[in-house]
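Analysis of the macromolecular model
Each chain, letter by letter, is given below.
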Amino acid sequence: MACQSAVMDEQALLGLNPNADARYRQRAMAYFEQLKESQDAWEVCAEALAKGIYSDDHVKFFCFQVLEHQIKFRHAGLSAAQQQLIRETLMKWLQVQLMNAQPEKPFIRNKAAQVLALTFVMEYLTLWPKFFFDILSLVGLNPHGVDVYLRTLMAIDAEVVDRDILHSPEETRRNTLIKDSMREQCIPSLVESWFQILQTYQLTHPELTCQCLEVVGAYVSWIDLNLIANDRFVNVLLSQMSVEELREEACDCLFEIVNKGMDPVDKTKLVESLCQVLQSAGFFNVDQEEDVDFLAKFSRLVNGMGQSLVLSWTKLVKAGNVKEVAETLQAVEAKVPLMLQLLVHEDDDISANIVGFCYEYLHVLKQLPQLTDQQKANIEAVMLAVMKKLTYDDEYNFENEGEDEAMFVEYRKQLKMLLDRLAQVSPELLLEAVRRVFNNTMQVWQTAAFMEVEVAIRLLYMLGEALPASHGAHFSGDTAKTSALQDMMQTLVSCGVSSYQHTSVSLEFFETVVRYDKFFIVEPQHIPNVLMAFLDQRGLRHNSPKVRSRVAYLFSRFIKTLHKHMNAFVEDILTRIQDLLELAPPENGFPALLTSDDQLFMFESAGVLIVNGESPVERKQALMRSLLAPLMDAFRLLLNKLPLETDEERQVAIADCLSHAVGFASRTSKAFSNKQTVKQCGCTEVYRDCLQTFLPALSCPVQRGVLRSSVRSFLHRMIICLEEEVLPFVPAASEHMLKDCEAKDLQEFIPLISQITAKFKRQVSPFLQQVFMPLVLAIFEVLARPAEDNDQAAALEKQMLRRSYFSFIQAITGSGMNEVMANQGAENIERVVFTIIQGAVDFPDPVAQKTCFIILSKLVELWGGKDGMVGFPDFIYKHIVPACFLAPLKPTFDLSDAQTVLVSF
């Protein structure tokens, strides 16, 4: 279709407006698809752009999108005339821009640049080698034209150079050819154009100058550096470092120049010459600079220069160039005063941007055989800077942490890396500095600001990771270290700072106590004081929910480590935490001190105290019953109430409460071990009572999912803890769990049966024979339920259930209980084995396929011999052997997939 004049579907174009109704929008989409796919209908868009027919921005954008599609996906299929039409359209559109009084909207210019860049990528090597010459000849120094030219260069960088974008090997080869051709043919002309733009527009059009600086920064990584790193260009960049609107972009541009990979000696010379010029221009006097945004960029530049010098030093050390090594180290050292000024700057962004250089510098010092006095002073200065910068400011919101708070937490992590590196370079110096700060602060904690107290304790905490110790054994071995840490811990737990009224100090106190819990093994006399801090308003009863929650977890860790030293306090602790172990009733409108998740830690702590105490068995039994009986009583009451409740919300609240009760009882059982079993502690009966109390929930007609899930988890725990004592409860529990079940219920039930099978083997053979077919039939019934074709969640649930089913059969066949399947009757056995063959051949799921082939090989081994099952050898040759050949022939059998390869073995 040769277009005489642009005739577009005006009705469809109305749908491009964001405020258009759905009918018009749909029509616009259909029109877009039609124009994209047509051989030549898109040409109306080309003409509309070339002649500037439409003033509506959305229509212009639409036309560029249609062109973009032709270039991106159909370029090879276009005729030479059509390809020429696209080039002419773009150049005509660009020509119109030069004459327009007002530039197009930025989103139109960006789209135009994108289309120009795509055309360049497709045609530069073949059809349009004079791409840049044509554009530069046309735009000259016209500001509107220069803007599109610079945007196009950035779009070309995104298509050809940007390493963050994944390219196919073919695209990578093409991009390399493009860059090679550009270096040979046009890069010097482009650089000259950039110089002219920077010079011409730095005073009149700062936004164009900034765009141009961004282009230089992007291209410098792969073009000849000498074209940029010369007096004429660098002088322009430096002059722009003094212009307020340009200085940040100029800084970024210099950073990219410094970052370019090159020979280490040349890199050192480049950085040194740049530093000399910057220093003589007064840029190193950062104290006099008030523009923090610029300083953040400048800090990044200094960081780049410092890291470049360190990299050069490392390369030169490897090459053994002694003279150059010394000169480069001297260059690094010369930047340290500036680095320290930036590191300690009150603005955290400025400080964070220099951390990389600081880290690398400390790594250099670590490798030196001996440190000079100046280098030791530098280490101490870094240490003091880190200690100062770790400190919170007044504006930090501890109760409602937002984006600023999250950024400070991240910044603190960077500072921690510096502290760890300091510990590697000079552990003695770090230990002494922390000790000094800590002791000075603890002497005046009552009058000190919260941030000073917090950071002093934080530094003691950080030493735990910075100074290496095997399994937290900080209080044995090196005497200097242990005595310093021991002294600080004695001060921490005895000076009264745990009473400081600020959440950050409270949290840091308990975190540090638990970080150094081994201290209390060396000095157990401090345990009572710290226990009281945990148990009163300083810890578990603190007015901040955040502190209470964290302390509940830390308390459980403290108890687990030191339970051997708790004998004298067990009953006292249990009495004091009794109200924290109460099940919060669903109808109570008052918020509990601890959430249900926090209470899990409290029940675990109570369990550990009871089980590991030195009380006689009868006493342990009584204490465990007094811990669990209230849960059972509350459970019975709530379970009776749940089916009578008609309000859905109230039902959910009661079911959650019941689930929590089961979870708490389950958590107490984590205290038992191989040395302290349930039986040895005389607690079998109380856990059996729990089972009897909880199992009726399985037949509750409402909120089935929550209740079944929690009771099932409890059964898992009891199989481990009660061993064969749990077996009488399993048949009834299984019967309830197989009624009215969903895919997810079965999927979670099968691991329970597999656990019983693996643990008790022949003991449970009669039960397994009884439950085998009901379970298998329940699985078949759920798998046979119809589901929507596009319901991915249902498909995944079925896939996971299928896997669980095959794992169950594997557990049965692998446990040596041949009789479980053998006694199901010939028809049932055949049905089950056919599902295994189907799993091995038909389902494109390599995980399940592998399991199925393991099962089949086991069945062949069990039943294939002369003493095996009657008729099974024939079955092997008719069905199992063909399956072994059919599976690899399936189109879904993907040998590039690691799991599939495992199946083939």
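Small disclaimer: the values here were computed from a predicted structure and weren't measured. (Residues numbered from 1 in each chain as written. Predicted model: local features only at pLDDT ≥ 70, side-chain atom pairs only at ≥ 80, totals over all residues. Heavy atoms only, no water.)

Some details on the pattern of salt bridges
- For the structure on display, the rule yields 46 salt bridges.
- One salt bridge in this structure joins Lys 105 and Asp 57, with 2.7 Å as the shortest N-O distance. One end of the pair, Lys 105, is in the loop between α5 (80-99) and α6 (106-123); the other, Asp 57, is in helix α4 (residues 57-74), and 48 residues separate them in sequence.
- Between Asp 348 and Lys 389 there is a salt bridge; the shortest N-O distance is 2.8 Å. Pair noted here: Asp 348 is in helix α17 (residues 348-352) and Lys 389 is in helix α19 (residues 373-389), with a separation of 41 residues, a long-range link.
- Salt bridges sharing common partners tie together Asp 57, Lys 60, Glu 104 and Lys 105. (Salt bridge = Lys/Arg side-chain N within 4 Å of Asp/Glu carboxyl O. Helix = DSSP H or I, 4+ residues; strand = E, 2+ residues; numbered from the N terminus.)

Here's the deal with the side chain of Thr 209
- Mapped onto the elements, Thr 209 comes out in helix α11 (residues 206-219).
- Take Thr 209: its relative accessible area is 0%, and that puts it in the buried class.
- The residues touching Thr 209, leaving out its near neighbours within four places in the chain, are Leu 198, Tyr 201, Gln 202, Gln 240 and Leu 246. (Buried < 20%, exposed > 50% of the residue type's maximum accessible area, 1.4 Å probe, protein only. Contact = heavy atoms within 4.5 Å.)

Considerations on the UniProt feature "domain: Exportin-1/Importin-beta-like" (unreviewed entry) in the chain
- Here, the residues flagged by UniProt with the feature "domain: Exportin-1/Importin-beta-like" (unreviewed entry) are residues 106-254.
- Secondary structure across residues 106-254 comprises 73% helix and 0% strand; the distance between its end C-alpha atoms is 27 Å. (UniProt positions renumbered as here; feature names shortened; annotations may be inferred.)

Comments concerning unusual backbone geometry
- Within the chain, Gln 703 stands out as a residue other than glycine whose phi angle is a positive 50°.
- If you trace the backbone, Gln 703 turns up in the loop between α32 (684-694) and α33 (704-721).
- The phi torsion at Glu 723 lies on the positive side, around 55°, for a residue other than glycine.
- Here Glu 723 lies in the loop between α33 and α34 (730-737).

A few points about the packing of helix α36 (residues 765-784) against helix α37 (residues 792-814)
- Running from N to C, α36 and α37 cross one another at 160°; their axes reach a closest spacing of 11 Å. Comparing their axes, α37 and α36 come out roughly antiparallel. Our pair here, α36 against α37, has a crossing hand that is left-handed. Contacts from Leu 768, Phe 772, Leu 775, Val 776, Ile 779, Phe 780, Val 782 and Leu 783 in α36 reach Lys 798, Leu 801, Arg 802, Tyr 805, Phe 808, Ile 809 and Ile 812 in α37.
- Here the contact of α36 with α37 is built from residues that sort into 13 nonpolar, no polar and 2 charged. (Axes fitted to C-alpha atoms, helices over the stretch in contact; angles between N-to-C directions. Parallel < 35°, antiparallel > 145°, perpendicular 65-115°, else oblique. Left-handed = near helix turned anticlockwise from the far one by under 90°. Nonpolar A, V, L, I, M, F, W, Y, C, P; charged D, E, K, R; others polar.)

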